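# What the coordinates show
Here's the letter readout for the chains.
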Amino acid sequence: MAYVGAASQAAPLVAAVVAWRPVRGARAWVLAWCAVLVAVDAASLWFASRDVHNLWLWYWLTPAGGAMVLWALSLWQRGEVARLAFRLAIVPFLVAWSVLTLAVEDTSAFSRAAEPMAKLVGLGAAAFTLLTSSHSASGSLLRHDWFWVSAGMALYFGVSSTLGPLSALLIGSSPRLLDQAYQLKSLLDVLAFLFIARGVTCKVAT
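Below, the structure is looked at part by part. From a predicted model like this one, the values you see are computed outputs, not experimental measurements.

Take the side chain of Ser133 next. Checked against the element boundaries, Ser133 lands in helix H7 (residues 114–136). Using a relative accessible area of 1% as the deciding quantity, one classes Ser133 as buried. Aside from chain neighbours lying at most four places away, what touches Ser133 is Trp76, Arg78, Phe128 and Trp146.

Here is the structure:
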């Protein structure tokens, strides 16, 4: 199931090609984020197959991915203030990530602070976009790309935010329970990226 969950990150990329929708603005950033996730997962799998430590990959991916998500969601904000706030938030987000990583983390182990913080930022940004855009939207929400993408991101980041601390807690004491947690996360990841894939196939608003 873990491989299925990882492979699901490519679903938005495949959907964009099949649907042949214009890829620009927020959609382009979302697809770039998905492409980075796929690339890092592939590299992580390659290193793992050769018994090479691979956790350091996620210490590079998480801040880069978080910045890409904030920029993508900024393009769906309804007001200039919110749009600017999302973009300006990238700098303190990266600073906080760096401080937590250098001061708290052991990069040879699962992240206890920096990654959960980053995932909570992603969750908050996606949830804010979903709620504020839904409040001012006209027509069916199911026709809007931002609805599906922000809902998928909220699900993905909400689940992922618990995984680092849980892994650090259970890796030595209960590996079987940790494996079950990863299986459940993989299942929810599939659902999250199917939502995002649906979003990138929506007709572009005019």
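On we go.
All right, on to the packing of helix H4 (residues 56–74) against helix H6 (residues 90–103) then. Viewed as axis vectors pointing N to C, H4 and H6 meet at an angle of 165°, and their least axial separation amounts to 10 Å. When the axis of H4 is compared with that of H6, the two are roughly antiparallel. Both H4 and H6 take part in a crossing whose hand is right-handed. On H6, the residues that touch Trp58, Tyr59, Thr62, Pro63, Gly66, Ala67, Leu70 and Trp71 of H4 are Ile90, Phe93, Leu94, Trp97 and Thr101.

So, on to the nonpolar core. Nonpolar side chains in soluble globular proteins tend to be buried together. Counting 40 residues, the largest nonpolar core has Val30, Trp33, Leu73, Met153 and Ile196 as the members making the most contacts within it. Sequence-distant contacts of Trp33, defined by excluding residues within four places in its chain, comprise Gly65, Met68, Val69, Met153, Tyr156, Phe157, Phe193 and Ile196. Of all hydrophobic cores here, the second largest spans five residues; its members include Ala15, Leu31, Ala197 and Val200.

Rules used throughout
- Residues numbered from 1 in each chain as written.
- Predicted model: local features only at pLDDT ≥ 70, side-chain atom pairs only at ≥ 80, totals over all residues.
- Heavy atoms only, no water.
- Helix = DSSP H or I, 4+ residues; strand = E, 2+ residues; numbered from the N terminus.
- Buried < 20%, exposed > 50% of the residue type's maximum accessible area, 1.4 Å probe, protein only.
- Contact = heavy atoms within 4.5 Å.
- Axes fitted to C-alpha atoms, helices over the stretch in contact; angles between N-to-C directions.
- Parallel < 35°, antiparallel > 145°, perpendicular 65-115°, else oblique.
- Left-handed = near helix turned anticlockwise from the far one by under 90°.
- Core = buried A, V, L, I, M, F, W, Y, C linked by side-chain atoms within 4.5 Å.

Honestly, that's just the spatial picture; any functional story needs more than this.
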